[in-house]
Amino acid sequence: MIVDEQLVSEIGSVMKLEFTEAQMSTIIAEINNTITMFEELQKLDTEGVEGTFYGTLTNKARLRKDEAVRNEKEVAALLENAPATKDTFIEVPAILEDGEGGA
Amino acid sequence: MELHKKTVEELHELLVNKELTVQELVESTFDRILQVEDKVGAFISYDKEYAMEQAKLVDERGVNPNNVLDGIPVAVKDNIVTKDFRTTAASIMLEDFVSVYDATVVKKLQDAGMIIVGKVNLDEFAMGGTTENSALQQTRNPWDTTRVAGGSSGGSAAAVAAGMVPVSLGTDTGGSIRQPASYTNLVGIKPTYGTVSRYGVIAFASSLDQVGPMTRTVKDNALMLNAISGLDENDGTSADIDIDYTEKIGQSIKGLKIGIPTELFDEDEVTSGVIEAVRNAVDKLKELGAEVIDVSLPDLKYSIPAYYAISSAEASSNLQRFDGIRYGYRSKNAKTLDELYVKSRSEGFGTEVKKRIVLGGIALSEQYYDKLYGQATKARTVLINEYEEIFKKVDIMVGPTTVSTAPLIGETVETDAIETYYGDILTNISNLTGSPSLNIPVGFSKDMPVGMQLIGNHFDEPTLYQVGYALEQATDAHKQFPKIKGGVK
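Overview of the structure. (Residues numbered from 1 in each chain as written. Chains lettered and ligands numbered in written order. Predicted model: local features only at pLDDT ≥ 70, side-chain atom pairs only at ≥ 80, totals over all residues. Heavy atoms only, no water.)

### Regarding the overall build of chain A
In terms of regular secondary structure, chain A is built from three helices and two strands. Over its C-alpha atoms, taken along the principal directions, chain A stretches across nearly 60 × 45 × 25 Å. Put simply, chain A has 103 residues, and 28% of those count as buried. Sequence separation of 24 or more characterises 26% of the internal contacts of chain A that already satisfy a separation of 6 or more. Placing the 9 positive and 21 negative side-chain charges of chain A at their respective mean positions leaves the two points 17 Å apart. (Helix = DSSP H or I, 4+ residues; strand = E, 2+ residues; numbered from the N terminus. Buried < 20%, exposed > 50% of the residue type's maximum accessible area, 1.4 Å probe, protein only. Contact = heavy atoms within 4.5 Å. Lys, Arg positive; Asp, Glu negative; His and termini not counted. Charge placed at Lys NZ, Arg CZ, Asp CG, Glu CD.)

Printed below as a string of structure tokens:
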């Protein structure tokens, strides 16, 4: 397993990230540095072992009721955190690349 | 009266006996902040006017003699949301963010009458072990300001160690409370997973994250955990338990079985100064009547890759919410919506955060899922089983918390990533197993503090506090106080 610029760019594109040249070289170098420890991990015999995916010790999730919560009072406070707003909407740039459908 | 050296219990007595008002206490807190903060750099924000208003309210209604936390100043790690302070996660991404709600733990502090004086520094999004990954400022160790205070709860540790507040809250995903506590001569606990609500705690790795208190004494720590723990309907992983964490404090440890995992004392990994201080503490436990038994964690070395695969995978998912739309940093260089996501995230996150998101993405990718994330979750099961077997034989385990004392600022930046990751080898495992782990001060190596961790069975924090308290009463490491020289924020 070798991590190169192509793999980091591919994953970066999925994760909506781009990198400066310096960041790219640091990330490639540091992740490649960790590869040996991940190779080491393959030596652990996990035949027939089930994975642990959650932290909860009971393995039971407590669920909430599937009900919509409406809190009109919070709208103004929430919108204050949005970088750009118009009335009670959050402004974003064009959704389509040709500019149509954007705000 | 040197208020800044006093414990919560001592301050409470002064308040109840009316030798001190809460306003005087908070005034002295800010005097101390003015005196030492520019050498230490613990706080991202603080607000004297706000804290004095809260203090006045407590003075007016009178300090409750039955509530030891009433009117006590506290600092909160800046990845725990607050309505009254910014919450930055030490990231450009959230530099100006103010939450519309308080985290459950913050509400609980306020319900207990505590005075939140400010928010403290951390590695960006709690990713790191030195607080050098903070995008906002440098935090220094009050014991030697050329050294780090540890991380990621470095600000929480430095603020208490420097005497600016008697207690603080940190978070611990892989050692982020215990390691800085160890570096700064404090008591710090990573409670059992589910003990403390994570509602309002900015998520890093949701199956590992826990909130815990950092204090100068074991008793103060247990009192704080009493205040912040308990079932919370807003956190689906919160456990339905009701424990008095002080219940065993003061009880004899005679006959308790204490396991010594040989792998935690590996002389190739852990410096001799640390091993010596911890061995001395183990001898003291024997003198106090505990039975010491050698045990083994043969697969400890797999905890590091398992931890990094799982925590990075979970982080890559959790951090997708930061998109520049609803809150947080928004790039001014974007022309389309997709560019807005990419540029806001790319300009808002630091290199370490980006690296972990990429690593998480690789671990979850179709090509590497089985080898990385899948194998890591299985290793986690193996480690859980090893702990379970050991706790059939012993009541608790003890060992060093860290492989060395606090490194110099800049020192770990120059070592390679894998060496830095292996620095967490003693603490990561208890996050993977969900077990409680308590750091207590046990002495010094070349004038820098050394900590010992006590690891317990799930929800058995009372036994950790019992043993920690017994050792604390028999030693005086926790009574030492740093001189705080030099350094510039």
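### Quick word on the interface of chain A and chain B
On the side of chain B, 74 residues touch chain A, which itself brings 53 residues to the contact. Interface area, chain A with chain B, both sides summed: about 5,400 Å², of which 67% is carbon and sulfur. Interface area lost by chain A to chain B is led by K16, M37 and R62 of chain A, which between them contribute 13%. In this structure, the connection of chain A to chain B is made through four salt bridges. We note a salt bridge from K355 of chain B to E30 of chain A, for which the minimum N-O separation is 2.5 Å. Remark: the boundary between chain A and chain B carries 20 residue pairs in polar contact (both at pLDDT 80 or more). Breaking the side of chain A that touches chain B down by element, the ones donating at least two residues are α1 (5-14), α2 (21-41) and α3 (72-80) of chain A. Top contributing element to the side of chain A that touches chain B by residue count: α2 of chain A, with 13 residues. (Buried area = accessible area lost by both parts, 1.4 Å probe. Salt bridge = Lys/Arg side-chain N within 4 Å of Asp/Glu carboxyl O. Polar contact = N/O pair within 3.5 Å; in protein donor to acceptor, adjacent residues only side chain to side chain.)

### What about helix α11 (residues 351-364) of chain B?
All names here are of chain B. For α11, spanning 14 residues, the distance from its first C-alpha to its last is 20 Å, which sits close to the expected 20 Å at 1.5 Å a residue. Here α11 lies mainly inside the structure; twelve of its 14 residues are buried. Buried residues of α11: E352, V353, K354, K355, R356, I357, V358, L359, G360, G361, I362 and A363, and no others. (Expected span 1.5 Å × (residues − 1).)

### Considering the side chain of T29 of chain B
With respect to the element layout, T29 of chain B can be found in helix α2 (residues 22-40). Sequence-distant contacts of T29 of chain B, defined by excluding residues within four places in its chain, comprise P73, V117, M164 and V165 of chain B.

### So, the packing of aromatic side chains
All names here are of chain B. The tally for this structure, following the rule as stated, stands at 14 aromatic pairs over all chains. Geometrically, the ring pair formed by F97 and Y327 is tilted, given 5.4 Å between the ring centres and 45° between the ring planes. Note that F97 is positioned in the loop between β2 (73-77) and α4 (104-111) and Y327 in the loop between α9 (303-318) and α10 (337-348), a separation of 230 residues in sequence. Note on F97: relative accessible area 12%, which makes it buried. Taken together, a centroid distance of 5.9 Å and an interplanar angle of 85° make the contact between Y387 and F391 edge-to-face. Of this pair, Y387 and F391 are both found in helix α12 (residues 370-393), four residues apart, which corresponds to roughly one turn of the helix. Considered together, Y387 and F391 belong to a single accessibility category, that of buried residues. Ring pairs connect the aromatic residues F97, F125, F322, Y327 and F349, which therefore count as one cluster. (Phe/Tyr/Trp six-rings, centres within 6.5 Å; stacked < 30°, edge-to-face > 60°.)

### Some thoughts on helix α1 (residues 8-16) of chain B
All names here are of chain B. Taken together, the buried positions of α1 are occupied by V8, L11, H12, L14 and L15. Within α1, the buried residues cover an arc of 165° as seen down the axis, which keeps them to one side. Each element contacted by the buried residues of α1 is listed here: α2, β4 (167-172) and α7 (218-228). Two residues or fewer past α1, K18 is found with a positive phi of approximately 60°. (Arc of directions from axis to C-beta.)

### Digging into the packing of α2 of chain B against helix α3 (residues 48-61) of chain B
Residues and elements named next belong to chain B. Closest axis-to-axis distance for the α2/α3 pair is 8 Å, and the angle between their directions is 160°. Viewed along their axes, α2 and α3 adopt a mutual orientation that is roughly antiparallel. Like other packed secondary-structure pairs, α2 and α3 cross with a definite hand, here right-handed. The residues of α3 that touch α2, namely those facing V22, Q23, V26, E27 and F30, are K48, A51, M52, A55, K56, V58 and D59. Taken together, the residues of the contact of α2 with α3 sort by class into seven nonpolar, one polar and four charged. (Axes fitted to C-alpha atoms, helices over the stretch in contact; angles between N-to-C directions. Parallel < 35°, antiparallel > 145°, perpendicular 65-115°, else oblique. Left-handed = near helix turned anticlockwise from the far one by under 90°. Nonpolar A, V, L, I, M, F, W, Y, C, P; charged D, E, K, R; others polar.)

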